[in-house]
Amino acid sequence: MATLAVRDLTAGYRELDIVHGVSLHVEPGEIVTIIGPNGAGKSTLLRSIFGLVPPRRGAVTFMGEDVTGERPDRLVRKGMCFVPQNCNVFPRLTVEENLEMGAFVPPSEARVRMAAVYELFPPLKEKRRTPAGVLSGGQQQMVAIGRALMMDPKLLLLDEPTAGLSPAYQRLILEKVVEINAADVPILMIEQNAKAALAISHRGYVLTMGRNRLDGRTADLLSDPEVGQLFLGG
Ligand SMILES: Nc1ncnc2c1ncn2[C@@H]1O[C@H](COP(=O)(O)OP(=O)(O)O)[C@@H](O)[C@H]1O
Ligand SMILES: [Mg+2]
């Protein structure tokens, strides 16, 4: 059974459709990356999967259950967790308070989860009493991902987790994505950093103008001339 299956999804804002009949799937254990030009509708697609933008047509199935248009808080409880690209931490709350905000679980379980997050991101443990807003961009991204991990997700949705970070933090965050996935968490992420992201992924999708353009194993995408020209710098 697929972890996530999106079939013919159409979504947009007001009278305008942005995502036009997109289909994709994520299998257990996979890292799947969506690439595509700015404005292609990648974020709208992810928000629509997560119930933040109502789907107009199509279906979203999560671990065999139809969750089309279901509310984000209900999806989180079912194990689908989303890390948006921007404004993904509460800046005035401490690191630890941010993590606590992610846990709709009993306190004893939250402590176990928090210890796991600190093990994955040691700098967060040191800064646990620091307001998240004063951390570097890379460390804020750790907080945002850490908060999602507090729910022990069955699927993690990441919108451009390396955007705006230094090259060193970009590498680190992608390494952590691999580490999270190795602990049996399937991941669907959007990335501008196409080459590095595809290199750590099992499969990828290319989205242009709100539509499926190409998809396949990452090795095939990385050697595809069209993908190379559009996204990988020739
Ligand atoms: N909240 C919104 N209201 C109206 N239009 C939006 C909104 N968010 C995004 N858009 C439009 O949807 C299109 C796709 O945006 P987006 O999904 O963010 O693309 P991507 O993530 O691929 O860069 C863009 O034309 C953008 O201007
Ligand atoms: Mg986007």
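Procedures and definitions
Residues numbered from 1 in each chain as written. Chains lettered and ligands numbered in written order. Predicted model: local features only at pLDDT ≥ 70, side-chain atom pairs only at ≥ 80, totals over all residues. Helix = DSSP H or I, 4+ residues; strand = E, 2+ residues; numbered from the N terminus. Buried ≥ 20, exposed ≤ 12 C-beta atoms within 10 Å, placed from the backbone. Core = buried A, V, L, I, M, F, W, Y, C linked by C-beta atoms within 7 Å. Contact = placed C-beta atoms within 7 Å. Expected span 1.5 Å × (residues − 1).

### Concerning unusual backbone geometry
Thought 1: The residue Asp8 is not glycine, and still its phi comes out positive at about 55 degrees.
Thought 2: Tracing the sequence through the fold places Asp8 in strand β1 (residues 4-13).
Thought 3: Here Asp8 falls in the exposed class, since 12 other C-beta atoms lie within 10 Å of it.
Thought 4: Even without being a glycine, Asp184 presents a positive backbone phi close to 75 degrees.
Thought 5: Tracing the chain through its elements places Asp184 in the loop between α7 (167-182) and β8 (187-190).

### A short note on the nonpolar core
Grouped burial of nonpolar side chains is what soluble globular proteins tend to show.
Thought 1: Val143, Leu155, Leu156, Leu157, Ile187 and Leu188 are the most contacted members of the largest nonpolar core, which totals 65 residues.
Thought 2: Broken down by element, this core gets its largest block of residues, six residues, from helix α6 (residues 137-149).
Thought 3: Aside from chain neighbours lying at most four places away, what touches Leu155 is Thr3, Leu4, Val26, Phe62, Gly79, Met80, Pro186 and Leu188.

### With respect to α6
Thought 1: Over its 13 residues, α6 extends 18 Å from the first C-alpha to the last, a length consistent with the 18 Å expected when each residue adds 1.5 Å.
Thought 2: Judged by how many residues are buried, α6 sits mostly within the fold: eleven of 13 residues are covered.
Thought 3: By the burial criterion, the buried members of α6 are Gln139, Gln140, Gln141, Met142, Val143, Ala144, Ile145, Gly146, Arg147, Ala148 and Leu149.
Thought 4: On the buried face of α6, the contacting elements are β6 (80-83), α3 (95-101), α4 (107-120), α5 (122-126), β7 (155-159) and α7.

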